[in-house]
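Structure assessment
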Amino acid sequence: MRGILEEQKRDAIAHFCFEGSYRSVQPFGNGHINDTFLLVFEVGEQSAKRYILQRMNRDIFSKPVELMENIVGVTSWLRKVILANGGDPERETLNVVPAKDGKAYYVDAQGEYWRAFHFIENATSFEQVENAEDFYQSAVSFGNFQRQLADYPAATLHETIPGFHDTKARFEVFKEVVAKDACSRAASVKKEIDFVLEREDITGVFGELLAKGEIPLRVTHNDTKLNNIMMDNETRKGICVIDLDTVMPGLAMNDFGDSIRFGASTALEDEQDLDKVWCDMNYFEAYTRGFIEGCGGRLTKREIELLPMGAKVMTFECGMRFLADYLQGDTYFKIHRPGQNLDRSRTQFKLVWDMEQKWQTMQEIVKRYH
Ligand code: ADP
Ligand code: GN1
Ligand code: MG
């Protein structure tokens, strides 16, 4: 990950069509991937206009132009759907601020790609669920997002990260990473490595069902964690799904599962005290109800039955990715302290273990919504 100089930010800011006169820039949010900044512009004497500026992660997104094509395509589509439903497209979808040359991005002298969005005002993205009702509302929104994109021409979407949720392929990569042990960290985390290796059987489940035609590919978000949705400060409803970098053909169960691994946990993703980490069944139920409702009857019976599996597979996959990154020297997910990726992997494995204990309950909850 490369640092960003002040003048690099200023140069990027100067290349977008922002309204008003520039006031300030500061780092913003808790995303693990891009570099995100909040910009303030003064408009007239009294009012301010805020924007989000991002330096896209070039190591992870090797085709930023195609990625931005996806985002422009998806947000334009959502705008039409929202308007047709009488909604407010300024707040209910991301809105790209064009660069001065009319493109959806700006490339600086160092070859870094920047983009900007209108800031979604009077809304919050949460790091942890505060109550079941909020989590239910986030589920309705993520489900809705999938429904709104149900007829999107999927073939026009570029695959921004190939095999993003191919858990089996990620498992193979994990074994290579362990064998290479580039930072000599493997011996100290044998317990965690074994936890992964013992669960190979769950890595191929979805791939096999897909190959047999038992589950459909849909246009999905693929990164449905709670802080990728803005909750309206007044209504507490999910107002806008953000972080559209990984919108690609995918599986409904994975969008469900990724939300559960983050939001149904009783602790933060990097909690060090594992006694605080559990998969909360009230939250699981609230999300199940909201997601199925939000998808508007489009999920098949098979997909609904497989929702608990989505939760387990996504949590397992994410834990495996965090551990692989720790073993490789923390090059993928941003860290703010040493060992953070290891801590993150441990919370995921604790959650997987807890889901295994609660498997029967999870099945029963989902059955209520068939
Ligand atoms: P990353 O890919 O690094 O996770 P995100 O696109 O999710 O980056 O942005 C990081 C954080 O910035 C989000 O979790 C959210 O808090 C905030 N954010 C991003 N876009 C907006 C926006 N348009 N309006 C308000 N906040 C935003
Ligand atoms: C990353 O971009 P962000 O922080 O919302 C990652 C997800 C992981 C998540 C774990 C493109 O999400 O896949 O589940 O971290 N995004 C990418 O918190 O790899
Ligand atoms: Mg994000």
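Attention here is on the structure that accompanies the text. (Residues numbered from 1 in each chain as written. Chains lettered and ligands numbered in written order. Predicted model: local features only at pLDDT ≥ 70, side-chain atom pairs only at ≥ 80, totals over all residues. Heavy atoms only, no water.)

**Thoughts on the pattern of salt bridges**
A pair can form between side chains of opposite charge whenever their charged atoms are brought close. Tallied over the full model, the rule gives 31 salt bridges. Residues arginine 23 and glutamate 42 are paired through a salt bridge, measuring 2.8 Å at the closest nitrogen-oxygen approach. Placement of the pair is arginine 23 in strand β1 (residues 21-27) and glutamate 42 in strand β2 (residues 35-43), with a sequence separation of 19 residues. By relative accessible area, which is 46% here, arginine 23 ends up partly exposed. Glutamate 305 serves as the salt-bridge partner of lysine 301, at 3.2 Å between the closest nitrogen and oxygen. Pair noted here: lysine 301 and glutamate 305 are both in helix α10 (residues 301-305), with a separation of four residues, about one helical turn. If you follow the salt bridges from partner to partner, you end up with Asp35, Arg55, Arg58, Glu112 and Lys334 in one network. (Salt bridge = Lys/Arg side-chain N within 4 Å of Asp/Glu carboxyl O. Helix = DSSP H or I, 4+ residues; strand = E, 2+ residues; numbered from the N terminus. Buried < 20%, exposed > 50% of the residue type's maximum accessible area, 1.4 Å probe, protein only.)

**Looking at the coordination of the magnesium ion (ligand 3)**
Protein ligation of the magnesium ion (ligand 3) involves Asn228 (OD1) and Asp243 (OD), the donor distances falling in the range 2.2 Å. Residue asparagine 228 is located in the loop between β8 (218-220) and β9 (229-232), and its partner aspartate 243 is located in the loop between β10 (238-241) and β11 (248-250); the two are separated by 15 residues in the primary sequence. (Donors = N, O, S within 2.8 Å, 3.2 Å for Na, K, Ca; no water.)

**A few points about the packing of aromatic side chains**
For the coordinates displayed, the defined rule picks out 18 aromatic pairs. Pairing tyrosine 105 with tyrosine 113 gives two aromatic rings, centres 5.6 Å apart and planes at 45°, and the pair type is tilted. Residue tyrosine 105 shares its accessibility class with tyrosine 113, and that shared class is buried. In textbook terms, an aromatic cluster arises when at least three aromatic residues are bridged by ring pairs, as seen for Phe135, Phe256, Tyr283, Phe284, Tyr287 and Phe291. In this arrangement the basic side chain of arginine 185 is found over the ring face of tyrosine 326, its NZ or CZ atom lying 4.4 Å from the centre. Taking NZ or CZ as reference, lysine 350 lies 3.7 Å from the ring centre of tryptophan 278, over its face. (Phe/Tyr/Trp six-rings, centres within 6.5 Å; stacked < 30°, edge-to-face > 60°. Lys NZ or Arg CZ within 6 Å of the ring centre and 35° of its normal.)

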